[in-house]
Amino acid sequence: MSLTSDPPIDRATGPRVAPPTADDHDALTVVPVRHPWRWVAVAATAVVLAQFLHGLVTNPGWEWDVFAQFFTAETILKAVWVTLQLTLYGTVLGFALGIVLAFMRLSASPFLGAVAHAYIWAFRSIPLIVQLLFWFNLAYLSKELQFGIPFGPSFFSFDTMNLVGAMSAAVLGLALHQAAYAAEIVRGGVLAVDGGQLEAAAALGIPRHRQLRRIVLPQAMRSILPNAANEIISLFKGTSIVSVMAIGELFYQVQVVYGRNGRVVPLLMVATVWYILLTTVLSVLQHYVERHYAKGAAR
């Protein structure tokens, strides 16, 4: 036992130190963490942004009067409508086929899985512009399409020259190309659902179609939606590729107009602003759809 008034000493940790009092805390000077390089980056970025905006407003090369003249012109608005049609048809048909391909890959049948895998491999490997030109020139490969008994007599036929026009070929090419990516997006979303939930549903006697509709898809949608929205936006911008087929979508019509009047920059800005506006609308819709399917998951 110690015979002094000093506090006992712990041999392992050393002498005990009295905890600080409220007066000690008040005497401390709190210095915030300084980030000088962050402020340098902010200042440099602000200067570059100000220079860009100043040039955007004052540079006469942008020709904002020409931009305003053609932004809502009738030909441009018709071209925007064609672009939206291509996006809508390509998305609906592409994801419809993509869902079928996804469940073929998830099937226990090796044959169905191999066919779906081969389709995805082929259409992801071939550039979209090549696919579009192939379908556009389908009449060179086959003069007519016959329907009847396989390897037997045909009952009726269609002339491919009149059946597959430029617009039909564009929709077909976009949809088949989109289906390959949509299949992998849907398959990844389904695989993200915990398999134990399906086992529990099967133990409760819930039918398979109800398991898919009420358990798998609502949860898979949270994984599917972000990637699906990115694909739809990419398809919307990718419709500009069909300009090689002389279809009057937005980019093609802009090329036609500036080919006549020589105002390249303002007409390109017309297309740019329309793409930005419509992409923003799609992004807003994506936000609300994701929020709908996030119910019960987000706290």
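Above this note sits the structure.
Residues numbered from 1 in each chain as written. Predicted model: local features only at pLDDT ≥ 70, side-chain atom pairs only at ≥ 80, totals over all residues. Heavy atoms only, no water.

Colleague: Describe in detail the layout of surface pockets, supporting the description with residues and values.
Modeller: What the largest pocket holds in volume is close to 680 Å³. Lining the largest pocket are 28 residues, with Thr91, Phe95, Ala228, Ala229 and Ile232 positioned closest to its centre. When contributions to the lining of the largest pocket are tallied by element, the ones reaching two or more residues are helix H4 (74-106), helix H11 (208-238) and helix H13 (264-293). Per-element accounting of the lining of the largest pocket gives the leading share, eleven residues, to H4. (1 Å grid on protein atoms, 1.4 Å probe; cavity = no way out; pocket = protein on both sides within 12 Å on 5 of 7 lines; lining within 4 Å. Points joined across faces, edges and corners; volume = space filled by probe spheres on them. Helix = DSSP H or I, 4+ residues; strand = E, 2+ residues; numbered from the N terminus.)

Colleague: Mind laying out the side chain of Ser243, listing which residues take part and the relevant values?
Modeller: Here Ser243 is to be found in the loop between H11 and helix H12 (250-261). Once residues lying within four places of it in the same chain are set aside, the contact partners of Ser243 are Glu249, Phe251, Tyr252 and Gln255. (Contact = heavy atoms within 4.5 Å.)

Colleague: If you had to explain the packing of aromatic side chains to someone new, which residues and values would you point to?
Modeller: Here the structure, examined in full by the defined rule, presents seven aromatic pairs. Considering the side-chain rings of Tyr119 and Phe123, the 4.3 Å spacing of their centres and the 25 degrees angle between planes classify their relative orientation as stacked. In this pair, Tyr119 and Phe123 both sit in helix H5 (residues 110-125), four residues apart, roughly one turn of the helix. The burial state of Tyr119 is the same as that of Phe123; both residues are buried. Among the aromatic residues, those joined into a ring-pair cluster are Trp62, Trp64, Phe67, Phe71 and Trp274. (Phe/Tyr/Trp six-rings, centres within 6.5 Å; stacked < 30°, edge-to-face > 60°. Buried < 20%, exposed > 50% of the residue type's maximum accessible area, 1.4 Å probe, protein only.)

Colleague: How would you summarise a nonpolar patch on the surface if you had to cite specific residues and measurements?
Modeller: Nonpolar side chains collect at one region of the surface, where Ile126, Ile129, Val130, Leu133 and Val244 lie side by side and expose about 360 Å² of accessible area between them. Within the secondary structure, Val244 is located in the loop between H11 and H12. (Patch = residues over 30% accessible without salt bridge, like charges linked within 9 Å, V, L, I, M, F, W, Y side chains within 5 Å. Areas by Shrake-Rupley, 256 points an atom, 1.4 Å probe, with all protein chains shown as cover. Salt bridge = Lys/Arg side-chain N within 4 Å of Asp/Glu carboxyl O.)

Colleague: So, the packing of H4 against H5: which residues are in play, and what are the values?
Modeller: Running from N to C, H4 and H5 cross one another at 130 degrees; their axes reach a closest spacing of 7 Å. Considering their axes alone, H4 and H5 lie oblique with respect to each other. By crossing handedness, the relation of H4 to H5 is classed as left-handed. Contact with H4, carried on its side by Leu97, Leu101, Met104 and Arg105, involves Leu112, Gly113, Val115, Ala116, His117, Tyr119 and Ile120 of H5 and no other residues of that element. (Axes fitted to C-alpha atoms, helices over the stretch in contact; angles between N-to-C directions. Parallel < 35°, antiparallel > 145°, perpendicular 65-115°, else oblique. Left-handed = near helix turned anticlockwise from the far one by under 90°.)

Colleague: Tell me about H13, residues and numbers included.
Modeller: Counted at 1.5 Å a residue, the expected span for H13 with its 30 residues is 44 Å, and the 44 Å between its end C-alpha atoms agrees. In this structure, the buried side of H13 is in contact with helix H3 (64-71), H4, H11 and H12. (Expected span 1.5 Å × (residues − 1).)

Colleague: Hey, could you go over the pattern of salt bridges for me, with residue numbers and the actual values?
Modeller: Per the stated rule, a full pass over the model turns up four salt bridges. Between Arg263 and Glu63 there is a salt bridge, and its shortest N-O distance comes to 2.9 Å. Taken together, the residues span a long stretch of sequence, with Arg263 in the loop between H12 and H13 and Glu63 in the loop between helix H2 (36-58) and H3 at a distance of 200 residues. The class for Glu63 is partly exposed, based on a relative accessible area of 24%. Lys78 serves as the salt-bridge partner of Glu74, at 3.3 Å between the closest nitrogen and oxygen. On the criterion of helical spacing, the pair formed by Glu74 and Lys78 is a turn pair, its members being four residues apart in helix H4. Across the pair, exposure class does not vary: Glu74 and Lys78 are exposed alike. Among the charged side chains, a salt-bridge network with shared partners connects Arg105, Glu184 and Arg187.

Colleague: Tell me what's going on with the nonpolar core, and back it up with residues and numbers.
Modeller: Membership of the largest hydrophobic core comes to 25 residues, with the highest contact counts inside it found for Leu86, Leu101, Tyr119, Leu174 and Val242. Residue assignment for this core shows that the elements contributing at least two residues are H4, H5, helix H6 (128-136) and helix H9 (166-191). The biggest single contributor to this core is H9, with eight residues. (Core = buried A, V, L, I, M, F, W, Y, C linked by side-chain atoms within 4.5 Å.)

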